[in-house]
Amino acid sequence: MPEQPFEPDGAIAGTGMGGAMDLAASEARTLERPPGGPLGTGPSQKPRSLWSDAWRDLRRNPVFIVSALVILFLFVISLWPSLIASGSPLKCDLAKSQDGAGPGAPFGYDGQGCNVYTRTVYGARTSVTVGVCATLGVALLGSVLGGLAGFFGGFWDSVLSRLTDVFFAIPVVLGGLVLLSVVTSNTVWPVIGFMVLLGWPQISRIARGSVITAKQNDYVQAARALGASNSRILLRHIAPNAVAPVIVVATIALGTYIALEATLSYLGVGLKPPSVSWGIDISAASPYIRNAPHALLWSSGALALTVLAFIMLGDAVRDALDPKLR
């Protein structure tokens, strides 16, 4: 039977059910759209991953943009505080005690005659250092323990579950008062170690649940049937698909750890003078709240803004990585 010539205005396409349907010329050309067409329907178009979709959503989210800019500013002044603050945060003049704003001191002076602006800027370094290091330690330790327990299960899973229950029963502030009261070091590392010690169970439980969910997927069963080792399955197939909840919780927890450091320093068991910390400044300015409220408001305002920025960032990341919100 001779081949019929192609008629653009009366194209025929099979319906897959033994029949046919008429297509307009434009619709017929759509079926033959070359790769990389304007709608991205070509056969060579790579499907977007979860991370690329999340990054696209984050770039369009004003909450993420504002919080990211605030956090970027905090990181910059933490690394180079001298860019916006001159002088030493430890230089004080009792003759200027509780004075208001003046030249070189836009935030005024505290009860010891220290420049509140300089101490507020330099205090960001301590808070960011504690928050970032504690979050990295908690995320690493909790993810490893929880991921291994969720993947292998059995006896070690039961032991880890009971161990996390024990740590969850310890009040964080009370634990800090007990453990840090015997520490004589004046560095941030005891505070960071305490936060990692009591913070890993939350991440561990989340990582365990994510791994248990991910290892039941078909691609994991297929990799196991093809002879893939446990380490390859865990690192190549499960971890990339189970890490999203851990990232969300860790981002929000970073702001919580900054607030916890300020709380412990305020109570006198965290960082101690001559360290520069917002918690120390808030504690020192509390007795002068009536006569010099500026010394308290600026340091507490910086703390609140920092914690809020990280919580907003975590909420934006959660919305971008949650498939149920798409």
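Residues numbered from 1 in each chain as written. Predicted model: local features only at pLDDT ≥ 70, side-chain atom pairs only at ≥ 80, totals over all residues. Heavy atoms only, no water.

A. Examining the overall build of the chain more closely. Across its full length, the chain carries 12 helices and 2 strands. Each helix and strand of the chain, placed in order from N terminus to C terminus, yields the pattern β-β-α-α-α-α-α-α-α-α-α-α-α-α. Taking all 326 residues of the chain together, the buried fraction comes to 39%. As displayed, the chain has an accessible area near 18400 Å², and 65% of this comes from carbon and sulfur atoms. (Helix = DSSP H or I, 4+ residues; strand = E, 2+ residues; numbered from the N terminus. Buried < 20%, exposed > 50% of the residue type's maximum accessible area, 1.4 Å probe, protein only. Areas by Shrake-Rupley, 256 points an atom, 1.4 Å probe, with all protein chains shown as cover.)

B. Inspection of the pattern of salt bridges at higher detail. What the rule picks out here adds up to 8 salt bridges. Among the salt bridges present, the one from D165 reaches R162, with a minimum N-O distance of 3.2 Å. Taken as a pair, D165 and R162 lie in helix α5 (residues 154–168) at a separation of 3 residues, close to a single helical turn. According to the relative accessible area criterion, D165 is partly exposed, its value standing at 33%. Across the salt bridge formed by D319 and R318, the nearest N and O atoms sit 3.4 Å from each other. (Salt bridge = Lys/Arg side-chain N within 4 Å of Asp/Glu carboxyl O.)

C. Up close: the state of the cysteines. Within this structure, the stated rule accounts for 1 disulfide. With a sulfur-sulfur separation of 1.7 Å, C92 is cross-linked through a disulfide to C114. Handedness of the C92-C114 disulfide follows from its S-S torsion of about 80°: it is right-handed. Residue C92 is found in the loop between α3 (62–79) and α4 (116–152), and its partner C114 is found in the loop between α3 and α4; the two are separated by 22 residues along the sequence. (Disulfide = S-S within 2.5 Å.)

D. Seen up close, the packing of α3 against α4. Across the interface, α3 lies against α4 with an axial gap of 8 Å and an inter-helix angle of 110°. Relative to α4, α3 is oriented roughly perpendicular. Between α3 and α4, the residues in contact are L74, F75, I77, S78 and L79 and V121, A124, R125, V128 and V132, respectively. Of the residues assigned to the contact of α3 with α4, the class counts are 8 nonpolar, 1 polar and 1 charged. (Axes fitted to C-alpha atoms, helices over the stretch in contact; angles between N-to-C directions. Parallel < 35°, antiparallel > 145°, perpendicular 65-115°, else oblique. Contact = heavy atoms within 4.5 Å. Nonpolar A, V, L, I, M, F, W, Y, C, P; charged D, E, K, R; others polar.)

E. The arrangement of the nonpolar core in detail. If you look at the biggest cluster of nonpolar residues, it comprises 35 residues, and the most contacted ones within it are I258, L303 and L321. Every element with two or more residues in this core is listed here: α2 (50–59), α3, α4, α10 (244–267), α11 (278–285) and α12 (293–321). When residues of this core are assigned to their parent elements, the largest contribution, 12 residues, is made by α12. Discounting chain neighbours no more than four positions away, the residues touching L303 are I258, A259, A262, W278 and I282. The next biggest cluster of nonpolar side chains, apart from the first, holds 26 residues, and it includes A134, V196, A253 and I280. (Core = buried A, V, L, I, M, F, W, Y, C linked by side-chain atoms within 4.5 Å.)

F. Here's a closer look at α4. Given a rise of 1.5 Å per residue, 37 residues ought to cover 54 Å, and the 53 Å separating the end C-alpha atoms of α4 matches this to within 8%. Capping the start of α4 is the job of one residue whose side-chain oxygen sits 3.0 Å from the backbone nitrogen of Y117: N115. Looking one or two residues beyond α4, the residue adopting positive phi is G153, at roughly 65°. (Expected span 1.5 Å × (residues − 1). Polar contact = N/O pair within 3.5 Å; in protein donor to acceptor, adjacent residues only side chain to side chain.)

G. Highlighting the confidence of the model for the chain. Averaged over all residues, the pLDDT of the chain is 83; the fraction at 70 or higher stands at 83%. In this model residues 6–44 is a low-confidence stretch, pLDDT under 50, and it forms 35 contacts with partners more than four residues away in sequence or in other chains. (pLDDT = per-residue confidence, 0-100.)

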